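Residue-level listing of the chains:
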Amino acid sequence: MSTAGAAMQAVLEARNTLGEGIVWCDRAQALYWTDIHAATLWRHTPSNGETRQWSLPERLASFALCEADGWLLLALASKLAFFRLDDGALHTIREVEPGLPTRCNDGACDRQGRFVFGTLHEPVDGGQKRPIGGFWRLHADLSLERLPLEGVAISNSLAFSPDGGTMYYCDSLTRTIRCCGYGDAPGPSRLFADLRDTVGEPDGSCVDTDGGLWNAQWGLGRVVRYRADGRMDRILPLPSSQPTRPAFGGAALDTLYVTSARDGLDAATLAREPLAGALFAACVDVRGLPEPRFAGVPPAGGTP
């Protein structure tokens, strides 16, 4: 196992409360991500440093690029929706887990262009989160199915192997990452990575062309690469204790970008971590995969 060079560098001091969901768009050569608690979508173009933000009507948890140019599929706190970037048109698809004290959380498209996402328990009394949420899959025809996986308190780490035959996921509270065979229905799951001997939690993940899983580890200030067999072989430290999700970007998909969060950090910790909430990047010696796009077709119009 190696520590890959120096700490990752901040490329944008975004000061996100809860930066998440980062995705590289190969068509725009730009990064998109969300600050969940600020209900804001961000875009940053590394070639010219241009940054843009969109305010949304509720918290944006995760999202996917669409095959249709100029559209994103959003997993907002309570619902799925199409979003048109040029004018902010929003078209609701359907609510998610209505009647439950949950919200949407991590999500990613599979290799077939279906959006897979999970939910997060938000106790109304502020108590302990419980595994009452689920993992869901939105098909191109906009039908939604709950996947036959265990209940989840904080869904995270959703990613797919290069051939699409393995799905990775986690409940961050368990401090483990699991994987399963993936197709029309997920197969039996097994333990993939175990963080129970640490003080951190697994957060978002992405996969490289060699099948390595890169996982941001909340509370540990690092991104870890696991081989396809589950062995840890690389650690990238960050100057922020709360990294949230990595994504490969750049023209050659050989730059690893990572979002981070300031959420829950006290004044003393923020003084020690002035870059908390920044966007970080490092050049790495492996390449990522083009981000799969949601295959569903947005409507002709929308409601701003």
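Residues numbered from 1 in each chain as written. Predicted model: local features only at pLDDT ≥ 70, side-chain atom pairs only at ≥ 80, totals over all residues. Heavy atoms only, no water.

Engineer: If you had to explain the pattern of salt bridges to someone new, which residues and values would you point to?
Structural biologist: Taken as a whole and judged by the stated rule, the model has 17 salt bridges. For the salt bridge of D233 with R225, the shortest nitrogen-to-oxygen distance reads 2.7 Å. What emerges from the salt-bridge pattern is a single network uniting D208, R225, R227 and D233. (Salt bridge = Lys/Arg side-chain N within 4 Å of Asp/Glu carboxyl O.)

Engineer: Describe the state of the cysteines, and please don't skip the residues or the numbers.
Structural biologist: Applying the stated criterion to the full structure yields zero disulfides. For the unlinked cysteine C170, the closest cysteine sulfur is that of C179, found at 12 Å. Sulfur of C206: no disulfide; nearest cysteine sulfur belongs to C170 and is 14 Å away. Residue classification places C206 among the buried residues on the basis of a relative accessible area of 10%. (Disulfide = S-S within 2.5 Å. Buried < 20%, exposed > 50% of the residue type's maximum accessible area, 1.4 Å probe, protein only.)

Engineer: Help me get a handle on the sheet that holds strand β6 (residues 50-55), residues and values and all.
Structural biologist: What the four strands build is an open sheet, ordered β3-β4-β5-β6; its pairing is antiparallel. Across the chains shown, the open sheet's two edge strands, defined by having one partner strand only, are β3 (19-25) and β6. Each adjacent strand pair in this sheet contributes to an overall mean axis angle of 20°, direction not counted. As defined by bridge partners, strand β4 (residues 30-35) adjoins strand β5 (residues 40-45) across five bridges and the pair is classed as antiparallel. Bridge pairing in β5 places L31 opposite H44. (Pairing = 2+ DSSP bridges. Helix = DSSP H or I, 4+ residues; strand = E, 2+ residues; numbered from the N terminus. Axes fitted to C-alpha atoms, helices over the stretch in contact; angles between N-to-C directions.)

Engineer: Which residues make up the side chain of R225, and what are the values?
Structural biologist: As for its position among the elements, R225 is in strand β21 (residues 222-226). Taking relative accessible area as the criterion, R225 reaches 6% and is therefore assigned buried. For R225, the side chain forms a polar contact with the side chain of D233, separated by 2.7 Å. In contact with R225, other than residues within four places in its own chain, are D208, D210, G212, L213, W214, R231, M232, D233 and R234. (Polar contact = N/O pair within 3.5 Å; in protein donor to acceptor, adjacent residues only side chain to side chain. Contact = heavy atoms within 4.5 Å.)

Engineer: Quick one: what's the story with the packing of aromatic side chains, residue by residue and with numbers?
Structural biologist: Scanning the model with the defined rule gives eleven aromatic pairs in all. On the numbers, 5.5 Å between centres and 15° between planes, the contact of W33 with W42 is stacked. The pair formed by W33 and W42 is uniform in burial state, with each residue classed as buried. Ring centres 5.9 Å apart and planes at 70° place the aromatic pair F192 and Y226 in the edge-to-face group. Taken as a pair, F192 in strand β18 (residues 189-194) and Y226 in strand β21 lie far apart in primary sequence, 34 residues in all. With respect to burial, F192 and Y226 carry one shared label: buried. Here the aromatic residues W71, F82 and F294 are joined through ring pairs into a cluster of three or more. (Phe/Tyr/Trp six-rings, centres within 6.5 Å; stacked < 30°, edge-to-face > 60°.)

Engineer: Hey, could you go over unusual backbone geometry for me, with residue numbers and the actual values?
Structural biologist: At R15, a position not held by glycine, the phi torsion is positive, near 55°. By the element assignment, R15 lies in the loop between β2 (9-12) and β3. On the basis of relative accessible area, R15 is assigned to the exposed category, the value being 51%. Not every positive phi belongs to a glycine, and R175 is a case in point at roughly 60°. Position of R175 among the secondary structure elements: in the loop between β16 (166-171) and β17 (176-181). Note on R175: relative accessible area 26%, which makes it partly exposed.

Engineer: Let's hear about the side chain of N16: which residues, and what values?
Structural biologist: Relative to the elements of secondary structure, N16 occurs in the loop between β2 and β3. Under the relative-accessibility criterion, N16 is labelled buried at 1%. Reaching out from N16, the side chain makes a polar contact with the side chain of W33 at a distance of 2.8 Å. N16 has contacts with W33, D35, W42, S260, A261, R262 and G277, leaving out every residue within four places of it along the chain.

Engineer: So what's going on with the sheet that holds strand β25 (residues 279-283)? Which residues, and what values?
Structural biologist: Hydrogen bonds between backbone groups are what pair the strands of a sheet, and the pairing can be parallel or antiparallel. Strand order in the open sheet formed by four strands is β2-β25-β24-β23, with antiparallel pairing between adjacent strands. Looking at the sheet topology across the chains shown, the edges are occupied by β2 and β23 (243-249). Looking at each pair of strands side by side, their axes are set apart by 35° on average, direction ignored. Note that strand β24 (residues 255-260) and β25 share four bridges and pair antiparallel. Residue pairing for β25: T255 is matched across the bridge by C283.

Engineer: Describe in detail the environment of D233, supporting the description with residues and values.
Structural biologist: Relative to the elements of secondary structure, D233 occurs in strand β22 (residues 232-237). Measuring from C-alpha to C-alpha, the distance between D233 and G212 comes to 9.3 Å, with 21 residues separating the pair along the chain. At 3.4 Å, the side chain of D233 forms a polar contact with the side chain of R227.

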